[in-house]
Amino acid sequence: MYKVLVAEKDFGSAKQITSLIEEKIQDAKVVAVTNSGNDTIVDTINSEPDLILIGIEIAGMNGIETVRKIRRFNKSVRIIIVSAYDYFEFAREAMLLGVNDYILKPINEADLAKAIERELQAVKEEDDIEREYKDEESQYSNALRFVEQHFIFSITYNMRVDIESNQYQKLLGIGPKGYIMSVSVEPNVLNKHWNMEKAAGRIYRRLKDVVNVHSCCAVGPRMLNRYIVYVASDKERDSKEAQVESVTLAKEVLRALKDTFDLEVKIAIGGVRSIANIHDSYLEMLRSCRYDIDNPIIYYKEVRYKYNMKETYMELTDQLIDSIKYNRCNEEENLASILELLRPMQVTERLTTIIEVLVSISYAFRKELKNQDIYYDYLKQCDKLMYLSIEEQEAWAYRRLHTMIKLMRSGKKARGSSVVTIAMEYIQKNYTQEISLSEISQYVGLSPQHFSKIFKETTNYSYVEWVNDLRIGKAQEIMKQEDCTIKEVCFLVGFQDPNYFSRIFKKRVGISPTEYAKERAV
């Protein structure tokens, strides 16, 4: 089934085109109808159509400008412009942008149907020609990406990358030393509606393309809104050349992601290190990216302790505990934030506070798991720790954190606590947000298929059914206590579509939300 997107400001034209496709075009389905340039770009990313039919006059930006932006990240989608303007310049610019056809209004349905069939036939022929070698290429790309991800995760969790450094260098071509760069996507009006799971692949490929022009690299998977990039470099650590090289590349990345996706990003950069010590570059990057400054690029040597973080260290400690509990894969980042916040303190005060943070973490999990092994007598270590450098004290803190995480996870396993419990706790805290199966599976460290299976076995409900039941229960509570419209209640409990909310509500409660609200009002 081929996917078609219709972008048309005029409701009558949109309806006419949609009806034509549904009634006369075989193996085609309209997956989205939009009336603005921004919505068209977002739905092109989210639904990945095979064909776009777009008018010149759409809201926000005209059809030509919208096509120009789409072509920056999608070269292959077929495009037909449907326009009331018989202007040579419009048609000429459309052809230069790779538009495949230009149909004039008023719409002749027979001509439009032929044009659509012609473009879908072209899609089919391209698929047939490319499918065979694409399968082989895809297998190779997937294998290489798996190696990339393993390499980045090894850096993130300090898993002795040097042991397999020769294999990584051979497979990824990354060289014996380099630095870590993080690229964090800032939310804006456009990308807040993206399906980030689908957009992540395009962003990954664009990052690879840009960085590979300058140097060999490895790009990790999206972690929340962040991509971790290893960039090979032959520059000396702390040299001016290393800083100029990495900042120049960061500017290229900024420009490329802005031009291609209209994304605003922040980039933090660690120093050049050998592969054996690359985790240190990762920690330098983490310290840098936590500062609330205006510059979208921050190099680790430019960090000055005069900048104050927004959160207190106790708030950050709570975030760290949640991070470990919900497998968010950013425990080290949270600890790096805490340690950086404490750096300006006097030696005794800083060390006391570090110990206080670690004791808080151990107490939280000791209480939750009733695991006495998580307790550690830090006071016995104070005398020795006092004479260590800041870097050595922080390294000790990271080691203790890793030990506690291992004990906590083994304690959960021994206690028989399943990832389902972790997932349910997380959903209950965040049910007002959109939580896809893929996202919750990532949080608990399982594949979506495996998570779905054990969730159903544990609860006798599918994941979607359980989340819907939770949200409907919350909706009933709100409707009993507050004076809200049905639409407001829908969004307050995490549903995105009022019609879907009403159907699920009636299925679960037996009456519609409107009827339920009237009964409560009596």
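Read on for a plain summary of the structure. (Residues numbered from 1 in each chain as written. Predicted model: local features only at pLDDT ≥ 70, side-chain atom pairs only at ≥ 80, totals over all residues. Heavy atoms only, no water.)

### Examining the overall build of the chain
- Within the chain one finds 21 helices and 11 strands.
- For the chain, the proportion of its 522 residues judged to be buried stands at 48%.
- For the chain, contacts bridging at least 24 residues in sequence account for 68% of all contacts bridging at least 6. (Helix = DSSP H or I, 4+ residues; strand = E, 2+ residues; numbered from the N terminus. Buried < 20%, exposed > 50% of the residue type's maximum accessible area, 1.4 Å probe, protein only. Contact = heavy atoms within 4.5 Å.)

### Quick look at the sheet that holds strand β4 (residues 78–83)
- Taken in spatial order, the 5 strands make up an open sheet running β2-β1-β3-β4-β5, and their pairing is parallel. Strands with a single pairing partner mark the edges of an open sheet, and in this sheet they are β2 (28–34) and β5 (101–104). Recorded for the sheet is a direction-independent mean angle of 20° between the axes of neighbouring strands.
- Summarising the sheet, strand β3 (residues 51–55) and β4 pair through 5 bridges and their orientation is parallel. Paired with I52 across the two strands is I79, which belongs to β4.
- Strand contacts of helix α2 (residues 37–47): β1 (2–7), β2 and β3, with the helix running at about 170° to β1, the strand carrying the most contacts. (Pairing = 2+ DSSP bridges. Axes fitted to C-alpha atoms, helices over the stretch in contact; angles between N-to-C directions.)

### Topic: the nonpolar core
- Within the largest apolar cluster, 54 residues are counted, with the highest numbers of intra-cluster contacts made by M181, V183, V253, L257, I267 and I269.
- A total of 9 residues in this core trace back to one element, the largest contributor, which is helix α8 (residues 240–261).
- In this view, V253 contacts V183, L207, V210, V211 and I267; residues no more than four positions away in its chain are not counted. (Core = buried A, V, L, I, M, F, W, Y, C linked by side-chain atoms within 4.5 Å.)

### Some details on the pairing of strand β6 (residues 177–186)
- Among the 10 residues of β6, 8 are classified as buried, and the element is accordingly described as predominantly covered.
- For β6 and strand β10 (residues 273–274), the ladder comprises 2 bridges, and the chain directions are antiparallel. Paired with G178 across the two strands is R273, which belongs to β10.
- Pairing between β6 and strand β8 (residues 226–232): 7 bridges, direction antiparallel. Across the sheet, the residue bridging to M181 is V229, located in β8.
- Sheet topology note: the β6/strand β9 (residues 264–269) ladder contains 6 bridges and is antiparallel. For M181, the partnering residue across the bridge sits in β9 and is I269.

### Observations concerning unusual backbone geometry
- For the bond from K105 to P106, the omega torsion is -5°, close enough to zero to count as cis.
- The phi dihedral of D27 is positive, around 60°, even though this residue is not glycine.
- Tracing the chain through its elements places D27 in the loop between α1 (11–24) and β2.
- Phi is positive for D238, close to 70°, though the residue is something other than glycine.
- Looking at where D238 falls in the secondary structure, it is placed in the loop between β8 and α8.

### Quick word on the packing of aromatic side chains
- Inspection of every chain in the model, using the stated rule, returns 12 aromatic pairs.
- With 5.9 Å between their ring centres and 80° between their planes, F455 and W466 make a pair best called edge-to-face. Placement of F455 in helix α17 (residues 448–459) and of W466 in helix α18 (residues 463–481) is noted, with a sequence separation of 11 residues between them. Comparing F455 with W466, the two get one shared label, buried.
- Pairwise contacts between aromatic rings join F495, Y500, F501, F505 and Y516 into one cluster. (Phe/Tyr/Trp six-rings, centres within 6.5 Å; stacked < 30°, edge-to-face > 60°.)

### So, the environment of L335
- Within the element layout of this structure, L335 appears in helix α11 (residues 331–342).
- On a C-alpha basis, the gap between L335 and L286 in space is 9.5 Å, while along the polypeptide they are 49 residues apart.
- In this view, L335 contacts L320, A397, Y398 and L401; residues no more than four positions away in its chain are not counted.

### What about the packing of helix α15 (residues 419–430) against α18?
- It is the contact of α15 with α18, at a shortest axis distance of 11 Å, that shows an interaxial angle of 40°. When the axes of α15 and α18 are compared, the pair comes out oblique. Between α15 and α18 the crossing geometry is right-handed. Here M424, I427 and Q428 of α15 come into contact with α18, specifically with Y463, W466, V467 and L470.
- Residues of the contact of α15 with α18, tallied by class, amount to 6 nonpolar, 1 polar and no charged. (Parallel < 35°, antiparallel > 145°, perpendicular 65-115°, else oblique. Left-handed = near helix turned anticlockwise from the far one by under 90°. Nonpolar A, V, L, I, M, F, W, Y, C, P; charged D, E, K, R; others polar.)

### Some details on the packing of α2 against helix α3 (residues 63–73)
- The contact between α2 and α3 brings their axes to 10 Å, and the two run at 25°. Overall, the two elements α2 and α3 adopt an arrangement that is roughly parallel. In this structure, α2 crosses over α3, and the sense of that crossing is right-handed. Taking contact as the criterion, the partners of G37, T40, I41, T44 and I45 in α2 are, on α3, T66, K69, I70 and F73.
- Among the residues forming the contact of α2 with α3, the class breakdown is 4 nonpolar, 4 polar and 1 charged.

### Quick notes on the environment of S83
- With respect to the element layout, S83 can be found in strand β4.
- Along the chain, S83 and I107 lie 24 residues apart, while their C-alpha atoms are 8.9 Å from each other.
- In this structure S83 touches I56, Y102, I103, L104 and K105, once residues within four positions along its chain are discounted.

### A short note on the side chain of E119
- Residue position: E119 is located in helix α5 (residues 109–156).
- The residues contacting E119, other than those within four sequence positions of it, are L51, R78, I80, N100 and D101.

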